Amino acid sequence: KKQIGTKEEFLNVRMQMKKRYTKLQKDLVLAKGGHGRTRKLKALERLKLAEANFATTYNHKLSHHLIKFCVDNGIGNLKMEDLLGSGKTMNKDFVLRFWSYYQLQEFIMYKAKMFRVNVTKEPNSYFTQMCNCCKNVSEEAVDLEERTYKCVNKDCAKHGVSVDIDENNSLNLLVSDAKEGKKSGKK
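Since the structure is predicted, the reported quantities are computational estimates derived from the model, not experimental observations.

Chemist: Before we move on, can you summarise the packing of aromatic side chains with the specific residues and values?
Modeler: As enumerated under the stated definition, the model contains four aromatic pairs in all. Between Phe10 and Phe54 the ring centres are 5.7 Å apart and the planes differ by 20 degrees, which places this aromatic pair in the stacked class. Taken together, the residues span a long stretch of sequence, with Phe10 in helix α1 (residues 7–27) and Phe54 in helix α2 (residues 36–72) at a distance of 44 residues. A ring pair is formed by Phe107 and Tyr110, whose centres lie 6.1 Å apart and whose planes are at 85 degrees; its orientation type is edge-to-face. Pair noted here: Phe107 and Tyr110 are both in helix α4 (residues 101–114), with a separation of three residues, about one helical turn. Since its relative accessible area comes to 12%, Phe107 is described here as buried. Judged by relative accessible area, Tyr110 falls into the partly exposed class, the value being 38%. Taken together through their ring pairs, the aromatic side chains of Phe10, Phe54 and Tyr58 make up a single cluster.

Chemist: With reference to specific residues and values, describe the environment of Cys70.
Modeler: Following the sequence through the fold, Cys70 ends up in helix α2. Cys70 sits in the buried class, given a relative accessible area of 1%. Sequence separation of Cys70 and Phe115 is 45 residues, and the distance between their C-alpha atoms is 9.3 Å. Not counting residues within four places of it along the chain, the set of residues in contact with Cys70 comprises Ile75, Leu78 and Val117.

Parameters at a glance
Residues numbered from 1 in each chain as written. Predicted model: local features only at pLDDT ≥ 70, side-chain atom pairs only at ≥ 80, totals over all residues. Heavy atoms only, no water. Phe/Tyr/Trp six-rings, centres within 6.5 Å; stacked < 30°, edge-to-face > 60°. Helix = DSSP H or I, 4+ residues; strand = E, 2+ residues; numbered from the N terminus. Buried < 20%, exposed > 50% of the residue type's maximum accessible area, 1.4 Å probe, protein only. Contact = heavy atoms within 4.5 Å.

Written out as C-alpha cells, the structure reads:
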C-alpha cells in the first residue's frame, strides 16, 4: 500500500483559489472605468490559468509517483477503473467540480507507455460499491467521508467488516483480472 497525495491536500488549494476567484469577481464591480472589459478581466483570467496550471501540475505529480512506484517495484501491468462517466457513483461535489480525473488517467497512460508499463482500463463496473468477497453491489456499503466499505450482505463472510475503499476496489480489479485469465486460457 502506498498513498500518493490526499483529497484534502488537493481540495484545500482548489477551494482557496475558488474563494479568491469569487472575491475578485465581486471586487471587479468597483474596477476603474474605461479602457474596456479585457483590462478589467485580466486578473480574473490570470487566476483561472493559475488554477488550471495547479490541477495539471498536481495530476503530473500523481501520475509520476504512480509510474515510478510501478517501475521501482517491477510492476509491469497496471489496471485501473475507467472513470469516464462515473461521476454518478462518486461524491459529486468533489469529483465533478474539482478533480480532473480524465486528465490524470491520460497522464498515467502516456507515462506508463514511456516506461513500458502495460495499462488496461476496466469498464466502470461499480467496483467501489461491490464486495470483493460476495460481489454484492450496494451504495449504502460505501462511506466516502471515512473512505471505507462495509458489506451489507448478511450471508457474506465479510459482513460488517470495515475495509479501506481503495483496497476493496483493488481486490475487485484483481479478481476481474483472474476471471479474464481463466476465460482466455491464461494462468
